[in-house]
Amino acid sequence: MTTTSDAEPTRSGGPASAAVLWCDRCGEAAADGAHPGCAAARQLEPPRYCSRCRRRMKVQVLPVGWSAVCVEHGEIRG
């Protein structure tokens, strides 16, 4: 996965400078805790929710990686 920091993947079309408000796996508030189960699962699977707006993303898994698209914030690749 391409990242600029441990918290936020690089989005195509711009830097990952927005604050993470939502967990990208379960969709709950990121401030509610560390989400250790989500962090462990994210080592093996792509994000399911946009970390900026909490929308469910369209995810495509390919043999060479994955892509996830938020209708508001664009695409993430890993």
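Overview of the structure. Since the model is a prediction, treat every value here as computed from it, not as a measurement.

What counts as what
Residues numbered from 1 in each chain as written. Predicted model: local features only at pLDDT ≥ 70, side-chain atom pairs only at ≥ 80, totals over all residues. Heavy atoms only, no water. Helix = DSSP H or I, 4+ residues; strand = E, 2+ residues; numbered from the N terminus. Buried < 20%, exposed > 50% of the residue type's maximum accessible area, 1.4 Å probe, protein only. Contact = heavy atoms within 4.5 Å. Areas by Shrake-Rupley, 256 points an atom, 1.4 Å probe, with all protein chains shown as cover. Phe/Tyr/Trp six-rings, centres within 6.5 Å; stacked < 30°, edge-to-face > 60°. Lys NZ or Arg CZ within 6 Å of the ring centre and 35° of its normal. Polar contact = N/O pair within 3.5 Å; in protein donor to acceptor, adjacent residues only side chain to side chain. Core = buried A, V, L, I, M, F, W, Y, C linked by side-chain atoms within 4.5 Å.

1. A word on the overall build of the chain
Item 1. In terms of helices and strands, the chain carries 1 helix and 3 strands.
Item 2. In the chain, the succession of α and β elements from N to C terminus is α-β-β-β.
Item 3. For the chain, buried positions account for 29% of its 78 residues.
Item 4. Taking the intrachain contacts of the chain between residues at least 6 apart in sequence as the baseline, contacts between residues at least 24 apart amount to 30%.
Item 5. Counting every atom, the chain has about 4,900 Å² of accessible surface; 52% of that belongs to carbon and sulfur.

2. Focus on the packing of aromatic side chains
Item 1. Here the structure, examined in full by the defined rule, presents 0 aromatic pairs.
Item 2. For the cation-ring pair, R56 lies above Y49, with the distance from its terminal atom to the ring centre recorded as 5.1 Å.

3. Regarding the environment of R77
Item 1. Looking at where R77 falls in the secondary structure, it is placed in strand β3 (residues 74–77).
Item 2. For R77, a relative accessible area of 49% translates into the label partly exposed.
Item 3. In the structure, R77 is positioned 31 residues away from P46 in sequence and 8.8 Å away in space, judged by C-alpha atoms.
Item 4. Here E75 takes part through its side chain, which lies 3.3 Å from a polar atom of the side chain of R77.

4. Thoughts on the environment of A39
Item 1. Tracing the backbone through its elements, the reader meets A39 in helix α1 (residues 36–41).
Item 2. Here A39 falls in the partly exposed class, since its relative accessible area comes to 41%.

5. Considerations on the nonpolar core
Item 1. In this structure, C50, M57, W66, A68, C70 and I76 together form the largest nonpolar core, which totals 6 residues.
Item 2. Here this core gets 3 residues from one element, more than from any other, and that element is strand β2 (residues 65–70).

Function cannot be inferred from these measures alone, as they are strictly geometric.
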